[in-house]
Amino acid sequence: MPNFCAAPNCTRKSSQSDLAFFRFPRDPARCRKWVENCRRADLEDKTPDQLNKHYRLCAKHFETSMICRTSPYRTVLRDNAIPTIFDLTSHLNNPHSRHRKQIKELSGDEIRTLKQK
Ligand SMILES: [Zn+2]
């Protein structure tokens, strides 16, 4: 089973290239950051455990300084790595892309409601 990248506008899968894929962190605070940066509204209500099991991001979304290549076959992220590189603009111009879920901007109130759950 190839791994797909969970980022909007990214169609990479692990079978296509030697690009590294990283699981979502189990740590709830850090996992939350990843979801926020992805802007995937459909991931917001998933638990860190579900995200960790089923979703991955490819190395394209991380600054190179956050990635350590420990060997030609093994790439790891730094403990506090957060994905920051996303192609969000072209997604808005292309409503028929692979990710059909709308990316919605959360207002401050909505974020507070989510955190209270
Ligand atoms: Zn990707």
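Residues numbered from 1 in each chain as written. Predicted model: local features only at pLDDT ≥ 70, side-chain atom pairs only at ≥ 80, totals over all residues. Heavy atoms only, no water.

In the annotation of an unreviewed UniProt entry, the entry for the protein reads THAP-type domain-containing protein, and the organism field reads Propithecus coquereli.

**Topic: the overall build of the protein**
Counting its secondary structure elements, the protein contains four helices and four strands. Taking all 117 residues of the protein together, the buried fraction comes to 31%. Put simply, 57% of the contacts in the protein that link residues at least 6 apart link residues at least 24 apart. Here the protein has roughly 7,900 Å² of accessible surface; of this, 48% comes from carbon and sulfur atoms. (Helix = DSSP H or I, 4+ residues; strand = E, 2+ residues; numbered from the N terminus. Buried < 20%, exposed > 50% of the residue type's maximum accessible area, 1.4 Å probe, protein only. Contact = heavy atoms within 4.5 Å. Areas by Shrake-Rupley, 256 points an atom, 1.4 Å probe, with all protein chains shown as cover.)

**Side note on the packing of aromatic side chains**
For the coordinates displayed, the defined rule picks out four aromatic pairs. An angle of 55° between the planes, with centres 5.2 Å apart, marks the rings of Phe 24 and Trp 34 as tilted. One end of the pair, Phe 24, is in the loop between β1 (21–23) and α1 (28–38); the other, Trp 34, is in helix α1, with ten residues separating them in the sequence. The residues Phe 24 and Trp 34 share a single accessibility class, namely buried. One aromatic cluster is present, built from ring pairs that chain together Phe 22, Phe 24, Trp 34, Tyr 55 and Phe 62. (Phe/Tyr/Trp six-rings, centres within 6.5 Å; stacked < 30°, edge-to-face > 60°.)

**Some remarks on the coordination of the zinc ion**
Protein coordination at the zinc ion comes from Cys 5 (SG), Cys 10 (SG), Cys 58 (SG) and His 61 (NE2), with a distance range of 2.1 to 2.3 Å. Classification of the site at the zinc ion rests on its four donor atoms, whose angles at the metal span 100 to 115°, yielding the label tetrahedral. All donor residues of the zinc ion come from one chain, and their arrangement in sequence is C-x4-C-x47-C-x2-H. With Cys 10 in the segment before β1 and Cys 58 in strand β2 (residues 56–58), this residue pair connects regions lying 48 residues apart in the sequence. (Donors = N, O, S within 2.8 Å, 3.2 Å for Na, K, Ca; no water. Tetrahedral: all angles 85-135°; square planar, octahedral: opposite > 155°, others 65-115°.)

**Considering the pairing of strand β3 (residues 67–71)**
As paired elements, β3 and strand β4 (residues 74–77) share four bridges and run antiparallel to each other. The residue bridging Cys 68 from the neighbouring strand is Val 76, located in β4. The hairpin turn running from β3 into β4, its antiparallel successor, is two residues long. (Pairing = 2+ DSSP bridges.)

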